[in-house]
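A structural walkthrough
Each chain is listed here by its residues.
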Amino acid sequence: MTTTTARGPTAAEILALLASIERHGPTAPAAMAFRSALRRKGIEADHAGGLRALDDLMDAVAVAGPTRADARLAILRAAWGELLPGPGGRAQS
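The rules behind each value
Residues numbered from 1 in each chain as written. Predicted model: local features only at pLDDT ≥ 70, side-chain atom pairs only at ≥ 80, totals over all residues. Heavy atoms only, no water. Axes fitted to C-alpha atoms, helices over the stretch in contact; angles between N-to-C directions. Helix = DSSP H or I, 4+ residues; strand = E, 2+ residues; numbered from the N terminus. Parallel < 35°, antiparallel > 145°, perpendicular 65-115°, else oblique. Left-handed = near helix turned anticlockwise from the far one by under 90°. Contact = heavy atoms within 4.5 Å. Nonpolar A, V, L, I, M, F, W, Y, C, P; charged D, E, K, R; others polar. Buried < 20%, exposed > 50% of the residue type's maximum accessible area, 1.4 Å probe, protein only. Core = buried A, V, L, I, M, F, W, Y, C linked by side-chain atoms within 4.5 Å. Salt bridge = Lys/Arg side-chain N within 4 Å of Asp/Glu carboxyl O.

Overview of the packing of helix α1 (residues 11-22) against helix α2 (residues 29-64)
At a closest axis distance of 9 Å, the pairing of α1 and α2 adopts a crossing angle of 140°. Taken as axis vectors, α1 and α2 run oblique relative to one another. Here the hand of the crossing between α1 and α2 comes out left-handed. From α1, Ala-11, Glu-13, Ile-14, Leu-15, Leu-17, Leu-18, Ser-20 and Ile-21 reach across to α2, where they touch Ala-31, Phe-34, Arg-35, Ala-37, Leu-38, Lys-41, Leu-57, Ala-60, Val-61 and Ala-64. A per-class count over the contact of α1 with α2 returns 14 nonpolar, one polar and three charged.

The following block contains the structure:
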């Protein structure tokens with residue numbers, strides 16, 4: 001019998017999507033596609049490890065690029081809004 005565990009996205013995957021979004025204008029079709037992929041990665045992370053996984057990914061993004069952290073975290077919050085605690089999102093516990 002083998003046991004498998006859900007593997008969430010890595011920080012490198014999230015950072016690659018964020019960098020791709022940054023290369024395009026906010027309304028460019030490519031940026032919109034990357035945001036959709038980023039949302040799916042958030043759902044994967046949530047399924048793999050819940051809020052802890054999402055928080056860990058957001059922390060990794062902030063550490064990886066401190067000068068871009070605010071803008072990148074804003075993109076993540078927009079993409080993962082319904083997954084995060086707060087207005088319009090997950091109920092706070």
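A short note on the environment of Arg-72
Of note, Arg-72 is situated in helix α3 (residues 69-79). On the accessibility criterion, Arg-72 (7% relative accessible area) is buried. Separated by 18 residues in the primary sequence, Arg-72 and Leu-54 have C-alpha atoms spaced 14 Å apart. Setting aside residues up to four positions removed in sequence, Arg-72 forms contacts with Leu-15, Leu-18, Ala-19, Glu-22 and Val-61.

With respect to the nonpolar core
Counting residues in each nonpolar core, the largest one holds 18 residues, and the members touching the most others are Ile-14, Leu-38, Leu-76 and Trp-80. Sorting the residues of this core by element identifies α1, α2 and α3 as the ones contributing at least two each. With eight residues, α2 is the largest single contributor of residues to this core. Setting aside its immediate chain neighbours within four residues, Leu-76 contacts Ile-14, Leu-18, Leu-38, Met-58, Val-61 and Gly-81.

Remarks on the pattern of salt bridges
In total, this model carries six salt bridges according to the counting rule given. Arg-68 is the partner of Glu-22 in a salt bridge, and the nearest nitrogen-oxygen pair spans 3.8 Å. Of this pair, Glu-22 sits in helix α1 while Arg-68 sits in the loop between α2 and α3, placing them 46 residues apart in sequence. By relative accessible area, Glu-22 is classed as partly exposed at 33%. Residue class for Arg-68 comes out partly exposed when judged on its relative accessible area of 45%. Connected through salt bridges with shared partners, the residues Glu-13, Lys-41 and Glu-44 form a single ionic network.

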